[in-house]
Amino acid sequence: ASSCSDDAAAADTAAPRELEPDPQRTSIEIKSAEELQRAIAEHEAAERDAMPEGLGQRGAVRTLSSGQEELRLAIRMPFTQEQLVALSASTLGRDVTSLEFRPEYEDYLPALQFNDDDIRGFPSLTSLDVSAQGINPIAFTKRQMPALKHVCIDQPC
């Protein structure tokens, strides 16, 4: 079953690039739990390095640490609820503008629950694309995803 909703004039479907140690990349492809951990850590480090000296997190202006307007994250592995919670709690999750789940098909894929109380939200997310990843019913709220404009969910029957 497939369902897409798009408030924007056109969705950008550019393919993400491979994950590399360069925190300036605007597209990150995640193929393993280790790559996810590394991407979160590198994004946190890049933000710390970009923060003016003496300015704590509370006083920081929250912008993409890469200096880019878009940050695309393409998940190419079965994603767990714990990984979704960790991503939402990170600066990477806070800054991601496009989130795509397209793991290789498996008979059992963990179901994600975006409305879980532990999900801090994705304040910069404008596009969510979920294909072949388990997902529980979801209610999109302004509190968790205030900038969301495009949603596409395609699940195997």
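Residues numbered from 1 in each chain as written. Predicted model: local features only at pLDDT ≥ 70, side-chain atom pairs only at ≥ 80, totals over all residues. Heavy atoms only, no water.

(A) Main features of the packing of aromatic side chains. What the rule picks out here adds up to 3 aromatic pairs. Judged by centre distance (5.3 Å) and plane angle (65 degrees), the ring pair of Phe79 and Phe101 falls under edge-to-face. Highlighted residues: Phe79 in the loop between strand E3 (72-75) and helix H2 (81-89) and Phe101 in strand E4 (residues 98-101), separated in sequence by 22 residues. Pair check on accessibility: Phe79 and Phe101 agree, each one buried. (Phe/Tyr/Trp six-rings, centres within 6.5 Å; stacked < 30°, edge-to-face > 60°. Helix = DSSP H or I, 4+ residues; strand = E, 2+ residues; numbered from the N terminus. Buried < 20%, exposed > 50% of the residue type's maximum accessible area, 1.4 Å probe, protein only.)

(B) Layout of H2. Looking only at H2, the buried set comprises Gln81, Gln83, Leu84, Leu87 and Ser88. Considered in projection along H2, the buried side chains sweep an arc of 160 degrees and stay on one side of the axis. Packed against the buried residues of H2 are helix H1 (33-50), E3, helix H3 (91-95), E4 and strand E5 (111-112). (Arc of directions from axis to C-beta. Contact = heavy atoms within 4.5 Å.)

(C) Broad picture of H1. Between its terminal C-alpha atoms H1 stretches 26 Å, which fits the 26 Å expected from 18 residues at 1.5 Å a residue. Regarding H1, the residues found buried are Glu35, Leu36, Ala39, Ile40, Glu42, His43, Ala46 and Glu47. Each buried residue of H1 lies within a common arc of 165 degrees when the element is viewed along its axis, so the set occupies one face. Exposed side of H1, more than 90 degrees from the buried face: Glu34, Gln37, Arg48 and Asp49 are the residues found there. Residues of H1 that are buried in the fold lie against strand E2 (27-30), H2 and H3. (Expected span 1.5 Å × (residues − 1).)

(D) Structural view of the pairing of E4. Of the two faces of E4, both are covered, the one formed by Ser98 and Glu100 as well as the one formed by Leu99 and Phe101. Relative to E4, E3 is paired through 4 bridges, and the arrangement is parallel. Along E4, the bridge assignment pairs Arg72 with Ser98. For E4 and strand E6 (residues 127-131), the ladder comprises 4 bridges, and the chain directions are parallel. The partner of Ser98 across the bridge, within E6, is Ser127. (Pairing = 2+ DSSP bridges.)

(E) Structural view of the nonpolar core. In terms of nonpolar packing, the biggest core is built from 28 residues, with Leu73, Phe79, Leu99, Phe101, Phe114 and Phe122 touching the most fellow members. Mapped onto this core, the elements with two or more residues apiece are E2, H1, E3, H2, E4, E6 and strand E8 (150-154). Residue contributions to this core peak at 3 residues, all from H1. (Core = buried A, V, L, I, M, F, W, Y, C linked by side-chain atoms within 4.5 Å.)

(F) Inspection of unusual backbone geometry at higher detail. Notably, Ala132 is not glycine yet its phi reads approximately 60 degrees, a positive angle. Mapped onto the secondary structure, Ala132 falls in the loop between E6 and strand E7 (134-135).

(G) The arrangement of the pattern of salt bridges in detail. Using the criterion set out here, one finds 9 salt bridges in the structure. Taking the shortest distance from any N to any O, the salt bridge between Glu29 and Arg76 comes out at 3.2 Å. Of this pair, Glu29 sits in strand E2 while Arg76 sits in the loop between E3 and H2, placing them 47 residues apart in sequence. Asp129 is the salt-bridge partner of Arg102, the closest N and O atoms lying 2.7 Å from each other. Highlighted residues: Arg102 in the loop between E4 and E5 and Asp129 in strand E6, separated in sequence by 27 residues. The exposure class of Arg102 is partly exposed, given its relative accessible area of 33%. Because the salt bridges share partners, they merge into one network encompassing Glu29, Lys31, Arg76, Glu100, Arg102 and Asp129. (Salt bridge = Lys/Arg side-chain N within 4 Å of Asp/Glu carboxyl O.)

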